[in-house]
Structure formats: C-alpha cells, structure tokens
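Coordinates in review
Residues per chain are reported as follows:
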Amino acid sequence: MSKIIIGVMGPGNDATSMDLQNAYQLGKLIAQSGWVLLTGGRNTGVMEAANQGAKSANGLTVGILPNNSTNGMSDAVDIAIVTDMGNARNNINVLSSDVVIACGMGAGTASEIALALKAHKKVILLNGDESSKVFFQNLSLLNVFVVNNVVDAIEQIRKILFT
C-alpha cells in the first residue's frame, strides 16, 4: 500500500514569520501522523520550515527541486527529485500530493493551488488573505477548504482522506 503524501506549498524568500511557524508545525504533525511530507525541497521559507518540522518528528520528506542539481536543497530532505524544470515542477508537486496545503501566499503558491484545483485535488488554505480565499473558493468551492490554524489543517486532512 502506498504512503499518504501531503504537499505543503508556500513562499520561499517572502515567507512571513507566521508562515514559517505554521510550516514547521505542519511538517511535525504530518510526520507524527505517519504521512510523507512533499515540498519544493529548497532550503528557504516554507519549504525549509516544513522539512525541518517533519525531521524533528522523524518523518520522511520528499523535495521536488527546480534545478538540475541538489544545490540549495534543504538538509532535511530525504528524497530529492531533481527536475531541471524551474517553476514547471509545481505541477509535479501537486500531482504527487494526496492533499495540498497552502501555507502563506505568493505567486508560486498561487500557481500550485491553481494547478491542484485544475487536477481536482483537495487544497487547504492556511491563513491566506481574504481575497485569496474568495478567489480560490470561487474557482472550486468543493475542493478548497479554509482553516485558521495548523491543528484544523491536520483535522481537515483526516476528513478529506478518511470520510
């Protein structure tokens, strides 16, 4: 039986301190739930924080890297997928995830959410701004879930996967 893969997407260099705190906690709780964490794999922002959180709980992490090497990869990535695809790797990120969590918002994150919705994936928005929530819920009311904290995000994953 394959493992459940939870994708955590969010800003790199422009992540806020709240994004980083949430991402770390998400990674930790994903690992404690026995799920695999998938991120963009880089050593910055939400990707780094989520990977570090997962590793703090002995979780398994997968990084989908944009370049043709592992340069700039998080030290907390266990399995590196080197794509040399730049931002086009975003489609791999979402298609490989059973559920996608958007932790924070930026242009790259918005593209991942849009790709996930186009593929009929379930997306959880964690602390997105109101305009983002409205925009993405208007695109797919049935596949977008808005939560206000990390614990609610994990509970929403459980509902999506097991009910």
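I will try to describe carefully the structure that is included in this document.

So, about the nonpolar core. Ranked by internal contacts, the top residues of the largest apolar core, which has 25 residues, are Val8, Leu26, Ile30, Ile124 and Ile157. Elements represented by at least two residues in this core include exactly strand E1 (5-9), helix H1 (17-32), helix H2 (45-56), strand E5 (99-103), strand E6 (122-126) and helix H6 (150-162). The greatest single-element share of this core, amounting to five residues, is contributed by H6. The contact partners of Ile30, leaving out residues within four places of it in the chain, are Ile6, Val8, Trp35, Val36, Leu37 and Ile154. In this structure, Met9, Ala102, Ile113 and Phe136 belong to the second largest nonpolar core, which totals 15 residues.

Quick look at the packing of aromatic side chains now. Describing an aromatic ring pair means giving the distance of the ring centres and the angle of the ring planes. According to the stated counting rule, one finds one aromatic pair in the structure shown. Ring plane angle 80 degrees and centroid distance 5.1 Å describe the contact between Phe135 and Phe136, whose orientation is recorded as edge-to-face.

So, about helix H4 (residues 107-118). The terminal C-alpha atoms of H4, which comprises 12 residues, lie 17 Å apart, in line with the 16 Å expected from a rise of 1.5 Å per residue. When we look at burial in H4, the residues that qualify are Thr109, Glu112, Ile113, Ala116 and Leu117. Along the axis of H4, the buried residues cluster in a sector spanning 130 degrees; they form a single face. More than 90 degrees from the buried face of H4, the exposed residues found are Ala107 and Lys118. On the buried face of H4, the contacting elements are E1, helix H3 (89-95), E5, E6, helix H5 (130-139) and strand E7 (144-147). Once H4 ends, the next one or two residues include His120, with phi positive near 65 degrees.

Rules and cut-offs
- Residue numbers restart at each chain and count upward from 1, following the sequence in its written direction.
- Predicted model: local features are reported for residues with pLDDT of at least 70 only, side-chain atom pairs are reported and counted for 80 or more only, and whole-chain, interface and lining totals are derived from all residues.
- Hydrogen atoms and water are omitted, and side-chain values are computed over all heavy atoms in the structure.
- For the purposes of this section, nonpolar cores are sets of buried Ala, Val, Leu, Ile, Met, Phe, Trp, Tyr and Cys residues that join through side-chain atoms within 4.5 Å.
- Categorising residues by exposure relies on relative accessible area from a 1.4 Å probe, with only protein chains included: less than 20% of the type maximum marks a residue as buried, more than 50% marks it as exposed, and the intermediate range marks it as partly exposed.
- Per the convention used, a helix needs a DSSP run of H or I reaching at least four residues, while a strand needs a run of E reaching at least two, with both numbered from the N terminus.
- What makes two residues a contact is simply this: any of their non-hydrogen atoms within 4.5 Å.
- In this scheme Phe, Tyr and Trp rings, the latter by its six-membered ring, pair at centre separations within 6.5 Å, and the angle between planes marks the pair as stacked below 30 degrees, edge-to-face above 60, and tilted otherwise.
- To estimate how far a helix should extend, the number of its residues minus one is multiplied by 1.5 Å.
- Our arc is simply the arc of the directions from the helix axis toward the C-beta atoms.

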